[in-house]
Amino acid sequence: MINFNNLAELIYIAREKSLPIHEIVIAREMHTSLRSRESIIKEMQGSWAVMRESIARGLDNREKSLSGLTGGDARRLRLYGSRKGTEAPYLGEAAILAAAAAVGVNEVNAVMGRIVACPTAGSCGIVPAALYAARQRGASEEDLVLSLFTAAGIGMVIDQNASIAGASGGCQAECGTAAGMAAGALVELAGGTPDEVGEAVALSLKNLLGLVCDPVAGLVEVPCVKRNGFAVVEAMLAADMALSGIKSVIPVDEVIEAMDKIGRALPKSLRETSQGGLAVTPTAKRIERGLYGQGQEK
Ligand code: SF4
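Residues numbered from 1 in each chain as written. Predicted model: local features only at pLDDT ≥ 70, side-chain atom pairs only at ≥ 80, totals over all residues.

## Some details on the overall build of the protein
Looking only at helices and strands, one finds 13 helices and zero strands in the protein. When the helices and strands of the protein are read in sequence order from the N terminus, they spell out α-α-α-α-α-α-α-α-α-α-α-α-α. Taken against the 2.2 N^0.38 rule, which gives 19 Å for 298 residues, the C-alpha radius of gyration of the protein at 19 Å falls within 12% of a compact globule. By principal-axis analysis of the C-alpha atoms, the protein measures approximately 60 × 45 × 40 Å. A buried classification covers 51% of the 298 residues belonging to the protein. The long-range fraction of contacts in the protein, counting pairs at least 24 apart against all pairs at least 6 apart in sequence, stands at 76%. (Helix = DSSP H or I, 4+ residues; strand = E, 2+ residues; numbered from the N terminus. Rg over C-alpha atoms; globule rule 2.2 N^0.38 Å. Buried ≥ 20, exposed ≤ 12 C-beta atoms within 10 Å, placed from the backbone. Contact = placed C-beta atoms within 7 Å.)

## Here's the deal with the site of the ligand
Every residue lining the ligand is accounted for by Gly122, Ser123, Gly166, Cys171, Glu174, Cys175, Cys213, Pro215, Val220, Pro223, Cys224 and Glu272. Taken together, the residues of the shell around the ligand sort by class into seven nonpolar, three polar and two charged. (Near = placed C-beta within 6 Å. Nonpolar A, V, L, I, M, F, W, Y, C, P; charged D, E, K, R; others polar.)

## Describing the nonpolar core
Counting 95 residues, the largest nonpolar core has Ala98, Ile126, Ala130, Ala182, Leu186, Val232 and Ala235 as its most contacted members. The greatest single-element share of this core, amounting to 12 residues, is contributed by helix H9 (residues 171-189). In this structure, Ala98 is in contact with Ala129, Ala130, Tyr132, Ala133, Val232, Val233 and Met236, ignoring residues within four places of it in sequence. (Core = buried A, V, L, I, M, F, W, Y, C linked by C-beta atoms within 7 Å.)

## Remarks on unusual backbone geometry
With an omega of 5 degrees, the peptide bond running from Cys118 to Pro119 counts as cis. Mapping Pro119 onto the fold places it in the loop between helix H5 (93-110) and helix H6 (126-136). Of note, the bond from Val222 into Pro223 is cis; its omega dihedral lies within 30 degrees of zero at 10 degrees. When you line up the elements, Pro223 lands in the loop between helix H10 (194-208) and helix H11 (224-243). Located in the positive-phi region is Glu272, a residue other than glycine, with phi close to 65 degrees. Within the secondary structure, Glu272 is located in the loop between helix H12 (252-265) and helix H13 (282-292). The phi dihedral of Ser274 falls on the positive side, at around 60 degrees, and the residue is not glycine. In this structure, Ser274 sits in the loop between H12 and H13.

## Regarding the packing of helix H7 (residues 141-161) against H9
Running from amino to carboxyl end, H7 crosses H9 at an angle of 140 degrees, the nearest separation of the two axes being 8 Å. The orientation of H7 with respect to H9, classified from their angle, is oblique. Considering the relative orientation of H7 and H9, their crossing is right-handed. Across from Asp143, Ser147, Leu148, Thr150, Ala151, Ile154, Gly155 and Ile158 in H7, the residues of H9 making contact are Thr177, Gly180, Met181, Ala182, Gly184, Ala185, Glu188 and Leu189. (Axes fitted to C-alpha atoms, helices over the stretch in contact; angles between N-to-C directions. Parallel < 35°, antiparallel > 145°, perpendicular 65-115°, else oblique. Left-handed = near helix turned anticlockwise from the far one by under 90°.)

See the structure below:
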């Protein structure tokens, strides 16, 4: 039976068998779920179809959320991304489009549209947007679906060894994990080795360690929606760094261990309770009163 408890083990198995990481994750899933490869891949194709739909809807979204806090920014960014010459975006069109896609998927979530929690609803835009970026530069549909297994394997290891919930580990557990998943998938899609996948995950996670969860008015909108845009660009840079040969000084599983410890050390006020950080700024409080009434808690 193929099993792994951390990323070093997953990478080792892939290296030893000369297989990409997604094959190891699929083999493990076949064993644990007693399902055929065909049925597992078909299910993932279904998830990718939902992701694609949420990207298309998000990139053109003009609908405001019920709170009025979010909606329309993905479209705004997409249009900005096509400017040329001296008005062209600093990051280039590919990164801007990926950020727009990530924001868009999260905007779809904020209006109760269909998304894939990846790993959570609050961080649902990052992995799909990364794959969207890979698709824009020619990745096949088949490879995109397979790369989702690599992302899933990374998410599974983080879930087992740290956390993927903002309520227990802060936003590093949600957007941080999603960025790590996305970075690993992007490396594999670019033909990187399993070791480079691990480096990308480490580089990406390190950069988001300590990120707190402080949603304004208890809604998964501010800062979540725009944060998805930042996180996918960060994941793309981590993938590019790893593919260029840059290595993380701290091995990936030690980064995940640090992430776990940081999450446990975070005060409750910064773990999805909306009792700290951005959620208690004067503006956030004013928004909260506007939404829920004077003196009322959410
Ligand atoms: S700030 Fe909190 S609710 Fe928002 S995406 Fe991050 S973990 Fe989720």
